[in-house]
Structures are given as structure tokens and as C-alpha cells.
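Structural overview for review
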Amino acid sequence: MYYLAQRLYAPAFFFGFIGTALFLVANQPSRLWLLIPLFIVAVSVAFAAEQLMPYDRTWNADQGDSKRDAAHGIVNETFNALGLCTIPALAAVMPFKEFWPNEWPLALQLLVAIVIADAGITLAHWGSHRVSALWRLHAVHHSVTRMYSFNGLMKHPLHQTVEAIAGVMPLLLCGMPIDVAALLTFAVLIQLLLQHANVDMQLGQLRKVFAWAPLHRFHHMKYGTAGDVNFGLFLNLWDYLLGTNFDHPRYVIGTKDLGIGSQPDYPRRYIAQLLAPFKRPATTPSPPLPPALRDKG
């Protein structure tokens, strides 16, 4: 049973919740509010799975970061909700709105939105590891020393804005309707829960396709530029194209591997993290890559 649960959890969670969201909305924007309780159910399922089949049992313990991560999540998702409210007005004035395929089935419209948004967000993420000003904002997310579902929402609001603009602006220019935008936002949240999940999931060949936790954990390595890999939000496709795909199925990522190696004393409190990008950081040499990570033989 445990063997089956390991292999079914990620695809069942991803396609199950997104499929349910599509069914509930079904081209009726008046039902978009149903995505809120559905997301609460998804968070509950994610937390339950982390208790029942954890990847690292110690990551389930509060390290003085739960309230901070909750604050990040509440603030960032409030901004997301406010942004959704502006979409009807924005869509009315966008220059290329006639290009949006409104006649397509809603599921296909969402698929197009996910692929395009994923490309933009991935490029913004990739650039955030190369442009100093963006890295300072993005470093908030990389300061985590445990990975669990909810800290996928732990981002500096300014960096979330950068990624949102990169991912959504091309879609808005083409007149993406509010129901697709809301479903896209929901899909991103579901993916973030999976990408950072402390669940002992086994993906098989899906490991080569989806940017779920077993791949994304390597992105949080603290060893200098070793974590400049696996930037994709939904798909690994963009990392294959960028040459940044990395996998080591036999290596077990632990707390010892996570964080910002050059900033081991990165601020841990919410307000301090909001202010950190605007202060000169105190840095030290990053620790070396462990031999076990260098050897993929």
C-alpha cells in the first residue's frame, strides 16, 4: 500500500485537484470562489501526506518558521487575489485580446496558459540567480532549512511580483479571461505545494517531466552555484533547454544541504526578511559540494 501511495501521490494530487477545479468552474466565473475552499482542502491533504509518508521526518517539526511562512503565504496570496480582481479591466484594454482562443475547451485554455506562464516564470527564476538585485529578493525563498509544502509560498512579495509579471503578462496581452487566470493561479499553488512537499514520493519516468519535489530539492542546495539548477515551476523542459537540469536519484537531500551557504545567518523573522534585500548582506565562503553529490556514478 505504501509502495502504491508513493507512486500515485504526486500525479493524483496534481491532476486530481486541478481537474476538480476545472469541473467546479466549468466556464462559470461566478463559481471562482469555490477555488478557495478547494485550496484549503489541498493544503490539508498535503500536510496529512507529510505526516503519513515524510521524506524527512525532522522537516515536519516547527523550527520557529511556521508563523513566518504563514505570514508570507497570507500576504502573497492576498496580492494574488487583488491582482485577479484587476484582470477584467486589464483584458478590456489589452491590444491583442482577439488572439485568446476563447472557443477552445477550458481545460485546453488552461494548458496553454500553464505552458506559457511556466516559460516566463522559469526565465525570471533563472535570471534571479544571475542578477544581483533580483537574487537579493529571491534569497528570502532560498533561506529555508527544511522543505515542506507550505514554504513554496514563502517568497518576498516583490519577487513574486517579478515572476508573476514574467509569467502572466504575455497571457494578459492576449486577453486571457478571468476564469483561466484564476485556474492558472490555483494550478501554480497546487504545483508549489508539490514542488516543496516533504513527501516520500516516487515518480518513475514522471521525474523527467514534472518539476516536483524530488527534482526541486536540488535547487535549494547551499553549495555556491550548485543550486543553480532545476528552475522550472511546472516542467523540466525549460531546464533541458537551458542546460540546467540536474538529478541524482540516489542522493538523499537533508537539512545539512539546504539554505544559503554564503549567508548562514540569513534573517529568519518575517519583517527582517522583507527588509533583508535592501541591506548589504554579510557573506562567507560557501561550503564545498559533498563528494557524494559530485559522484553520480
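A few points on the structure. (Residues numbered from 1 in each chain as written. Predicted model: local features only at pLDDT ≥ 70, side-chain atom pairs only at ≥ 80, totals over all residues. Heavy atoms only, no water.)

1. Remarks on the nonpolar core
Our working rule: What makes a nonpolar core is a set of buried Ala, Val, Leu, Ile, Met, Phe, Trp, Tyr and Cys residues whose side-chain atoms join them at distances within 4.5 Å. Residue exposure (1.4 Å probe, protein chains only): buried if accessible area is under 20% of the type maximum, exposed if over 50%, otherwise partly exposed. Only runs of H or I of at least four residues qualify as helices and only runs of E of at least two qualify as strands under DSSP, and these elements are numbered from the N terminus. Contacts are assigned to residue pairs with any non-hydrogen atoms lying within 4.5 Å of each other.
By size, the foremost hydrophobic cluster in this structure holds 56 residues, and its most contacted members are Tyr9, Phe13, Met176, Leu184, Ile190 and Met201. Looking at this core, the elements with two or more residues in it are α1 (2-25), α2 (35-52), α5 (106-128), α7 (157-173) and α8 (178-195). The contact partners of Tyr9, leaving out residues within four places of it in the chain, are Val45, Ala46, Ala49, Met53, Leu194, Val199 and Met201. By size, the runner-up hydrophobic cluster in this structure holds 11 residues, among which are Val229, Tyr251, Ile253 and Leu293.

2. Let's talk about the environment of Pro290
Turning to its location among the elements, Pro290 is positioned in the loop between α11 (270-275) and α12 (291-294). Taking the relative accessible area as the measure of exposure, Pro290 reaches 18% and is therefore buried. Separated by 121 residues in sequence, Pro290 and Met169 place their C-alpha atoms 40 Å apart. Setting aside chain neighbours within four positions, we find Pro290 in contact with Tyr223, Tyr251 and Asp257.

3. Comments concerning the pattern of salt bridges
As a reminder of what qualifies: Criterion for a salt bridge: a side-chain nitrogen of Lys or Arg within 4 Å of a carboxyl oxygen of Asp or Glu.
The tally for this structure, following the rule as stated, stands at 5 salt bridges. The shortest N-O distance in the salt bridge between Asp69 and Arg68 comes to 2.9 Å. Accessibility expressed as a relative area gives 0% for Asp69, which makes it buried. Asp247 is the partner of Arg207 in a salt bridge, and the nearest nitrogen-oxygen pair spans 2.7 Å.

4. Points about the packing of aromatic side chains
To keep things clear, this is the line we draw: Paired rings are identified among Phe, Tyr and Trp, the last through its six-membered ring, by centres lying within 6.5 Å, and are further divided according to the angle between planes into stacked (under 30 degrees), edge-to-face (over 60) and tilted (the rest). Charge-over-ring contacts are defined here by two conditions on Lys NZ or Arg CZ: a distance within 6 Å of the ring centre and an angle within 35 degrees of the ring normal.
Under the counting rule described, the total for this entry stands at 11 aromatic pairs. Ring geometry for Phe15 against Phe210: centres 6.0 Å apart, planes inclined by 80 degrees, an arrangement best described as edge-to-face. Here Phe210 lies in the loop between α8 and α9 (213-216) and Phe15 lies in helix α1, a separation of 195 residues in the sequence. Given the relative accessible area of 48%, Phe15 is considered partly exposed. Residues Tyr55 and Trp59 carry aromatic rings whose centres are separated by 5.7 Å and whose planes lie at 35 degrees to one another, so their mutual orientation is tilted. Taking the relative accessible area as the measure of exposure, Trp59 reaches 0% and is therefore buried. Among the aromatic side chains, those forming a connected cluster through ring pairs are Phe14, Phe15, Phe210, Trp212 and Phe234. One residue, Arg7, lies across the ring of Tyr3, its end atom 3.6 Å from the ring centre. Above the face of the Tyr148 ring, Arg146 is positioned so that its terminal group lies 4.0 Å from the ring centre.

5. Concerning α1
Worth spelling out the cut-off: Between the first and last residue of a helix there are one fewer steps than residues, each counted as 1.5 Å, and that sum is the expected span. Axes are fitted to the seven residues ending at a residue and to the seven starting at it; the angle between these axes is taken as the bend at that residue.
Along its 24 residues, α1 runs 33 Å from first to last C-alpha, staying within 8% of the 34 Å computed at 1.5 Å per residue. Leu8 marks where α1 bends most, by close to 45 degrees; the proline Pro11 follows one to four residues later. Listed in full, the buried residues belonging to α1 are Gln6, Tyr9, Ala10, Pro11, Phe13, Phe14, Phe17, Ile18, Ala21, Leu22 and Val25. Here the buried face of α1 lies against α2, α5 and α8. Ala26 sits one or two residues past α1 and shows a positive phi near 40 degrees.

6. Notes on the side chain of Asp228
Put simply, the rule is: Two residue types count as positive, namely Lys and Arg, and two as negative, namely Asp and Glu; His and chain ends fall outside the count.
Inspection of the secondary structure assignment puts Asp228 in the loop between α9 and α10 (237-242). With no salt bridge to any partner, buried Asp228 finds its closest opposite charge in Arg130, at an N-O distance of 4.9 Å. Beyond its immediate sequence surroundings of up to four residues, Asp228 is in contact with His129 and Thr244.

7. Remarks on the environment of Gly261
Residue position: Gly261 is located in the loop between α10 and α11. Distance in space between the C-alpha atoms of Gly261 and Gln191 is 26 Å, their sequence separation being 70 residues.

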